[in-house]
Amino acid sequence: MDDSTTLHKRLELVAALILALAAVATAWAAYQSTKWSGVQADNYSQASAARVESTRASTEAGQLAIIDVNSFNTWVEALSEELRAGIPNGLQPDGTYSPQPGTESNFVYSRFRDEFLPAVEAWLATRPLDNPDAPRTPFVMPEYHLEARAQAAELDHQAESLIAQARTANQNSDNYVLMTIMFA
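The notes below deal with the structure included here. Fair warning: this is a prediction, and the values are worked out from it, not measured in the lab. (Residues numbered from 1 in each chain as written. Predicted model: local features only at pLDDT ≥ 70, side-chain atom pairs only at ≥ 80, totals over all residues. Heavy atoms only, no water.)

1. What to know about the pattern of salt bridges
Keep this limit in mind: Salt bridges are defined as contacts in which a side-chain nitrogen from Lys or Arg sits within 4 Å of a carboxyl oxygen from Asp or Glu. Secondary structure elements are taken from DSSP: a helix is a run of H or I of four residues or more, a strand is a run of E of two residues or more, and numbering for both begins at the N terminus. Relative accessible area decides the class of each residue, using a 1.4 Å probe on protein chains only: under 20% of the type maximum gives buried, over 50% gives exposed, and in between gives partly exposed.
Inspection of the entire model under this criterion finds seven salt bridges. Across the salt bridge formed by Arg56 and Glu60, the nearest N and O atoms sit 3.1 Å from each other. With a gap of four residues between them, Arg56 and Glu60 both fall in helix α1 (residues 3-84), about one helical turn apart. The class of Arg56 is partly exposed, set by a relative accessible area of 38%. Residue Glu60 is classed as partly exposed on the basis of its relative accessible area, which comes to 31%. Salt-bridge contacts for Asp130 lead to Arg127; the nearest nitrogen and oxygen are separated by 3.7 Å. Through salt bridges that share partners, Arg51, Asp156 and Glu160 make up one connected network.

What follows is the structure, given as structure tokens:
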């Protein structure tokens, strides 16, 4: 065997090794790209589910707020009617309220939702009838808190986080596709 044949065989061996490494690297990059595409799809799916639940909770919060507004308006109307009729309704001149048995206002007040009642009580404590600085309604009080609204915000935050993770996974997948092309 002469030197040129040995050199040629060595070059063939090196070329075969380079091609084998390129094939393995291409396959690995393609696998990683597919894997990151799956992560992306999973994150987008979870984000979509979180958005649906956020919308559901937001709708529920809106419905509960409407119930609270309606019950508050009904209570104020009952107080006004009782006042005009001269029926003791428990509303004191300073704005405090002691529900009176047998009155319509007591009936409505006793049915305020558990989430709404603390806001009404805090609002009444501001003495809204004789305090010009008192908030106009209990709905602006910090005590007025709807758990469904908080849940909607949390789910919306989760969806945003999942979307960011999906975008990162998409970029990783794209990077591996580029590596696949380079290795090929």
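Here the narrative resumes, following the displayed structure.
2. Details of the nonpolar core
Soluble, globular proteins show a tendency: their nonpolar side chains are buried together. Spelled out, the test is: Residues belong to a common nonpolar core when they are buried Ala, Val, Leu, Ile, Met, Phe, Trp, Tyr or Cys residues joined through side-chain atoms within 4.5 Å. By the convention used here, residues are in contact when the closest approach between their heavy atoms is within 4.5 Å.
Core analysis: the largest hydrophobic core is formed by 20 residues, its most contacted members being Trp75, Tyr109, Phe112 and Leu124. The dominant element in this core, judged by the number of residues it contributes, is α1, at six residues. The contact partners of Leu124, leaving out residues within four places of it in the chain, are Trp75, Gly95, Tyr97 and Tyr109.

3. Focus: the environment of Val108
Tracing the sequence through the fold places Val108 in helix α2 (residues 104-109). For Val108, a relative accessible area of 11% gives the class buried. In this structure, the C-alpha to C-alpha distance between Val108 and Leu21, residues 87 residues apart in sequence, is 79 Å.

4. Looking at the side chain of Asp68
Basically, it comes down to this: Polar contacts, as counted here, are pairs of nitrogen or oxygen atoms within 3.5 Å of one another; within protein the pair requires one atom able to donate a hydrogen and one able to accept it, and residues that are adjacent in sequence qualify only if both atoms are side-chain atoms.
Note that Asp68 resides in helix α1. Side-chain polar atoms of Asp68 contact the side chain of Tyr144, separated by 2.7 Å. When sequence neighbours within four positions are dropped, the list of residues in contact with Asp68 reads Arg113, Phe116, Phe139, Tyr144 and Leu146.

5. Details of the environment of Asn89
With respect to the helices and strands, Asn89 occurs in the loop between α1 and α2. With relative accessibility at 5%, the residue Asn89 sits in the buried group. Sequence-wise, Asn89 and Pro101 are twelve residues apart; in three dimensions their C-alpha atoms are separated by 8.7 Å. In this view, Asn89 contacts Leu79, Glu82, Leu83, Tyr97, Ser98, Gln100, Thr103 and Ser105; residues no more than four positions away in its chain are not counted. Of note is the side chain of Asn89, whose polar atom sits 3.1 Å from the backbone oxygen of Leu79. A polar atom in the side chain of Asn89 sits 2.9 Å from the backbone nitrogen of Leu91.

6. Quick word on unusual backbone geometry
Positive phi is not limited to glycine here, since Arg127 has a value of about 60°. Looking at the secondary structure, you find Arg127 in the loop between α3 (117-125) and α4 (147-183).

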